[in-house]
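Each chain is listed here by its residues.
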Amino acid sequence: MGQLTSKRGGLDPGVVPNVHFSTSDEGPPRYSSHGIPPTIVVSDVELSASERRGSRAELRRSSVYSTLDLVPQLGHYTRTLHQQTGSRPSLEALRRAFQAKEAGIEVTTTDSGVSSLPDSGTEESKAPPKKAPARFGWFIGVMMRCMLNIWGVILFLRLTLITSQAGIVLTCVIILLSVMVTTITGLSISAIATNGRVISGGTYFMISRSLGPEIGAPIGMLFSFANALACALNTVGFSEVVRDLMREFDVVIVDDLNDVRIVGVITVTILLLISLAGMEWESKTQILFFIILLVSFANYLVGTIIPPTKEKQAQGIFGYNSEIFIANLKPDWRGPDGSFFRMFSIFFPAATGILSGVNICGDLKDPATAIPKGTLGAIFWTTVSYLAISITAASCVVRDASGNIGDVLTGNITGDCVGLGCNFGGNFTECIVSQSCHYGLANTTKTLGQLSGWYYLITAGVFAASLSSALGFLVSAPKIFQCLCKDKIYPYIGVFAKGYGKNNEPLRAYILCFIIAVAFILIGELNTIAALNSNLFMCSYSLINFSCFHASFTNSPGWRPEFHYYSKWIALFGAVVAVVLMFLFTWWAALFTISVLILLCLYINYNKPKVNWGSSVQAGSYNMALSASVALSGVEDHVKNFRPQCLVLTGPPNQRPALVDFVDSFTKHASLMICGDIIMDQDRQTRPKDATDRLVKWMNKRKVRSFYSPFTADSLRVGARHLLQASGLGKLKPNTLVLGFKSNWRDSSPESIDDYITTINDTFDSNYCLCILRMMEGLDTSDQFDFEVNQGFEPEESVEKEDQQSSEKEPSDNISDKGTSDQIKTVFQNDQGKKTIDVYWIADDGGLTLLVPYLLTRRKHWSRSKVRVFIVGDEQNMEESRNEMLALLKRFRLDFNEVTVMTDSKKRPKAKNLDRFVDSVAPFRLYDEPHEGVASSKISDKEFEAFRQKSETKVRLNEIIRRNSIYAGLVVVSLPVPHSDCTSALYMAWLDTLTYGLHCPVVLIRGNQEEVLTFYCQ
């Protein structure tokens, strides 16, 4: 970032540049310099009205440190839903600003720091302003909507029946228990909604951004469906009331069921047209419904204080009376549904609807303020209304009445009068005894209408309650589903993400919701669906409360809600209560809901969508990992728990996939793996800033469980030494270094060979184990892509390879431009069948030479491979040596049953093979005695003769290996330890000779001479 650009007529050193920037959906912010005093203009189409008033056209000052270093301001932290629009200069631009000013050079920076964009502030200011979308405040947008959805048909048609069965006391308990759940959820909603800007998507957006897509996406799918079903349910409730009203006037269209279907389809179609007209029309309709409901409630309260007529007395209405109030305090359970939890399950849907304001949070002026204020206000006032209606109705109406006006005439009371009505001049004995009463608190759903001042105003209230709820759910479901579709978590639903108009209305999702609602309206029988629908809402409440608890419990620095009146433990209690109520209400619906939720979660866990929302699950994972790492630091090492924790010098991992796959084959799900990438100083400037992210994505796509650790150094040796010392954390620290074999050593400079061998010596000095992998075709795949080799690993290319590369090849960044799309398959990803793993355990290194092959056989690709162990011995004691080794392997419980004793390892090698070795070291020989000033890396004749026997031994072992392992899938050989007086070139020739001519991968392994295998149990 901070690219310097030369320009004629540079800036006057005494003039301070003027910096303009703007953020919008079209691109990143733009900086430009003009030689006038510093002024910064912020414009952001995503800001709310209140935010724009405080930022648009407002002067911003540079800090006292630099004219380019800006003071903190709102525009720096704004962003769109899916794109970060940063607006502050880069560190590099700030570091070079003073130099550029002195040199008269214009500093042009962008968010990416690569190229500059022209200043377009003037053009943007001339553009005609867009018509602002409709935005709602806390009352109309949240409180009124929540109250309309909470007040439903249950208030008018079921509350009095519940009061008659449960009594005033238990009815108040039911109401308060329901409100307890919704209040706790409301507090959790308020905390989540004020912890950052809520864009759109309501409940789905909150849960997904708090708990991540694994939980948020399934509940978003279920909750969208639940809202569509709730629309159908409320529409059917309205249709049934219309049908009953039609029956009073003897109007029949077809029959009872089809009349409900016809009225329901017509009603939901009208509601759809209102929704398609836009949020403004929908809001006006909801205001009308709200006014009707308020008038209906006023009509009811007025009716309770009007002295009852004889007709009302015949219906059991006697006005406020202490005797009626006391008699209705106790429960009077009747019929198969006469139980506390049954009444609770009938009432609880009347307490839902608190998420209506949250579901349209994208249409609110200030969601962070509106949601807590409106939601909690709606809960309070609806609770007051429920308690008031329940208590007033139970204070005025007896439980049983006949409706026959003759039963309340003067002189009708006899000595055998039964029921509370006898105390007020009503004799309802006949219907009470025969249980045929059709009036009274316990026998009719029309009690509120009969008790009110004008019956049909209550009917209008029923219409308003049911239609407002249906309309609210019809609006909520598409908006939630649209946000889910935009996140592209589930396939085949992206078509519903498109929005239209200034409010980005999800018209396609409206049509889908309409189709679902019509389908369930046509079914007609919705009792089963209603139980399922209640469970879906309860599941949402549980997850909202758990989201609040989890975000608080993880102590994430990002959890800073403006709303402080919540408790994480109360939120957890609310989550548990919601789950318990799911099973108490309808256990089979609870099981179905949870099963669908689990299936949707499993799909996301398998598919792993590429989203990062900073969820509390991520914070929790960090806390658990940190706690486990700290706890592990206090545990002493034990040989039984030893596992090879590997630092693999891969360079960019996608250039050496075979080396990555080999180590991953025995460390995956078992131990630590770190891919170390030593970056040369000269390559650091050209390395792209996203190189690390791209390489991590490459490993993730390859399903390699490894960390990636780039390190800048001026040589391989220095970088490797620092990685050996600094890699890892606590006990999660590498104990084994894995290298690729330096196949181009013959064409390399003596310094390059010295670096490689010194790295091996540094490994042993650090008490590390060592593995070196050699592939006959080589490890490096960089010639297959358009990038160059990391110079820290291959300092000099061979002449033949250089000739093959294009002379027009441009400098690269060591990373494939194709990113994660290039995945070369290696031999370690293939099924090895019944190929053998041949282990040449030449020297006892503590057992690592045996442990690595054993770990490989635990993998699927190597599970059928047989491990053969080869040891050195003499012919006289061959059988004894073999038996001893078999006994040792049995005690190690490795299940290696084939041991071969090599009795001919001391024979002289064939002349042609020995000549090949001599020819390989010939370029590094110093045939005369070294003179002063001559490089000491050459092999003198004296040294060559001193190590002749060791050299011939390596050649002979190679002959034995090639003879025995011609069909092996992998060869593992004990690595000879380098001698301090042996030159690097000679030792490199030993390694080359030892592994020469094998068609399969060869691994040279050397432990740190400490036990990694034991046959003891402690």
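Residues numbered from 1 in each chain as written. Predicted model: local features only at pLDDT ≥ 70, side-chain atom pairs only at ≥ 80, totals over all residues. Heavy atoms only, no water.

## Here's the deal with unusual backbone geometry
- Its identity is not glycine, yet Asp-250 carries a phi of approximately 55°, on the positive side.
- By the element assignment, Asp-250 lies in the loop between helix 8 (213–248) and helix 9 (256–276).
- A positive phi angle, close to 60°, is found at Arg-893, a residue other than glycine.
- When you line up the elements, Arg-893 lands in the loop between helix 31 (878–891) and strand 10 (898–902). (Helix = DSSP H or I, 4+ residues; strand = E, 2+ residues; numbered from the N terminus.)

## Points about the environment of Leu-914
- In this fold, Leu-914 is placed in helix 32 (residues 911–921).
- You can call Leu-914 buried: its relative accessible area is 10%.
- Separated by 38 residues in the primary sequence, Leu-914 and Glu-952 place their C-alpha atoms 7.0 Å from one another.
- In contact with Leu-914, not counting residues within four places along its chain, are Arg-908, Pro-909, Glu-952 and Val-955. (Buried < 20%, exposed > 50% of the residue type's maximum accessible area, 1.4 Å probe, protein only. Contact = heavy atoms within 4.5 Å.)

## Overview of the sheet that holds strand 7 (residues 769–774)
- If you trace the ten strands from one edge of the open sheet to the other, you get 5-4-3-6-7-14-13-8-9-10, paired in mixed fashion. On the outer flanks of this sheet lie strand 5 (707–713) and strand 10, each paired with one strand and no other. The mean inter-strand angle of the sheet, taken between neighbouring strand axes irrespective of direction, is 20°.
- Bridge count for strand 13 (residues 968–974) against strand 14 (residues 1002–1006) is four bridges, and the pairing is parallel. The partner of Ser-974 across the bridge, within strand 14, is Ile-1005.
- Seen against the sheet, helix 30 (residues 848–857) touches strand 7, strand 8 (836–840), strand 9 (866–872), strand 13 and strand 14 and runs at an angle of roughly 170° to strand 8.
- Lying over the sheet, helix 34 (residues 948–964) contacts strand 8, strand 9, strand 10 and strand 13, oriented at roughly 160° with respect to strand 8. (Pairing = 2+ DSSP bridges. Axes fitted to C-alpha atoms, helices over the stretch in contact; angles between N-to-C directions.)

## A word on the packing of aromatic side chains
- Throughout the structure, instances matching the rule amount to 33 aromatic pairs.
- Between Phe-549 and Trp-569 the ring centres are 5.6 Å apart and the planes differ by 50°, which places this aromatic pair in the tilted class. One end of the pair, Phe-549, is in helix 20 (residues 527–553); the other, Trp-569, is in helix 21 (residues 568–585), and 20 residues separate them in sequence.
- Taking the relative accessible area as the measure of exposure, Phe-549 reaches 9% and is therefore buried.
- On the basis of an interplanar angle of 40° and a centroid distance of 6.4 Å, the ring pair of Phe-828 and Trp-862 is categorised as tilted. Here Phe-828 is found in the loop between helix 29 (799–804) and strand 8, whereas its partner Trp-862 is found in the loop between helix 30 and strand 9, with 34 residues between them in sequence. Neither residue differs from the other here; Phe-828 and Trp-862 are each classed as buried.
- Here a set of aromatic residues connected by ring pairs shows up, and it is made of Trp-138, Phe-139, Trp-151, Phe-156, Phe-290 and Phe-297.
- Above the face of the Phe-944 ring, Arg-925 is positioned so that its terminal group lies 4.0 Å from the ring centre.
- When the ring centre of Trp-990 is taken as reference, the NZ or CZ atom of Lys-954 above it lies at 4.4 Å. (Phe/Tyr/Trp six-rings, centres within 6.5 Å; stacked < 30°, edge-to-face > 60°. Lys NZ or Arg CZ within 6 Å of the ring centre and 35° of its normal.)

## So, the pattern of salt bridges
- On inspection of all chains with the given rule, the structure shows 26 salt bridges.
- A salt bridge links Asp-637 to Lys-731, with the shortest nitrogen-to-oxygen separation between them at 3.5 Å. You can see Asp-637 sitting in the loop between helix 23 (616–633) and strand 3 (646–649) and its partner Lys-731 sitting in the loop between helix 27 (716–726) and strand 6 (736–740), a full 94 residues away along the chain.
- Accessibility expressed as a relative area gives 27% for Lys-731, which makes it partly exposed.
- One network of salt bridges, with partners in common, ties together Asp-332, Arg-334, Arg-399 and Asp-400. (Salt bridge = Lys/Arg side-chain N within 4 Å of Asp/Glu carboxyl O.)

## As for the nonpolar core
- In this structure, Phe-156 and Tyr-386 are the most contacted members of the largest nonpolar core, which totals 132 residues.
- Here this core takes 16 residues from helix 18 (residues 455–486), the largest share from any one element.
- When near neighbours in sequence (up to four residues on either side) are disregarded, Phe-156 contacts Leu-293, Ser-296, Phe-297, Thr-445, Leu-448, Ile-458, Gly-461, Val-462 and Ala-465.
- Counting residues in each nonpolar core, the second largest holds 53 residues, with Ile-753, Val-973, Ala-985 and Trp-990 among its members. (Core = buried A, V, L, I, M, F, W, Y, C linked by side-chain atoms within 4.5 Å.)

## Topic: the confidence of the model for the protein
- On average, the protein scores 79 in pLDDT, and the residues at 70 or more come to 81%.
- This model gives residues 1–59 a pLDDT under 50, and the stretch forms 146 contacts once residues within four places in sequence are excluded. (pLDDT = per-residue confidence, 0-100.)

## Quick look at the pairing of strand 10
- Judged from the five bridges that link them, strand 9 and strand 10 form a sheet pairing that is parallel. Across the sheet, the residue bridging to Phe-870 is Thr-900, located in strand 10.
- For the segment spanning strand 9, helix 31 and strand 10, crossover handedness is right-handed. (Right-handed = clockwise from strand over helix to strand, strands pointing away.)

## Quick look at a nonpolar patch on the surface
- Taken together, the side chains of Ile-253, Val-254, Ile-262, Ile-266 and Ile-270 present a nonpolar region at the surface, about 420 Å² in accessible area.
- With respect to the helices, strands and loops of the structure, Ile-253 is situated in the loop between helix 8 and helix 9.
- The partly exposed category is assigned to Ile-253, whose relative accessible area is 45%. (Patch = residues over 30% accessible without salt bridge, like charges linked within 9 Å, V, L, I, M, F, W, Y side chains within 5 Å. Areas by Shrake-Rupley, 256 points an atom, 1.4 Å probe, with all protein chains shown as cover.)

## Structural notes on the packing of helix 21 against helix 22 (residues 587–607)
- For the pair helix 21 and helix 22, the least separation of the axes is 5 Å and the interaxial angle reads 125°. What the angle tells us is that helix 21 and helix 22 run oblique. Across the interface between the two elements, Met-582, Phe-583 and Phe-585 from helix 21 touch Trp-587, Ala-590, Leu-591, Thr-593 and Ile-594 from helix 22.
- Looking at the contact of helix 21 with helix 22, its residues break down into seven nonpolar, one polar and no charged. (Parallel < 35°, antiparallel > 145°, perpendicular 65-115°, else oblique. Nonpolar A, V, L, I, M, F, W, Y, C, P; charged D, E, K, R; others polar.)

## Overview of helix 27
- For helix 27, the full list of buried residues reads Leu-716, Gly-719, Ala-720, Leu-723 and Leu-724. One side of helix 27 holds all its buried residues, which, seen down the axis, span an arc of 135°. Exposed and oriented more than 90 degrees from the buried face of helix 27 are Gln-725 and Ala-726.
- Along its buried surface, helix 27 packs onto strand 3, strand 4 (673–680), strand 5, strand 6 and helix 28 (750–765). (Arc of directions from axis to C-beta.)

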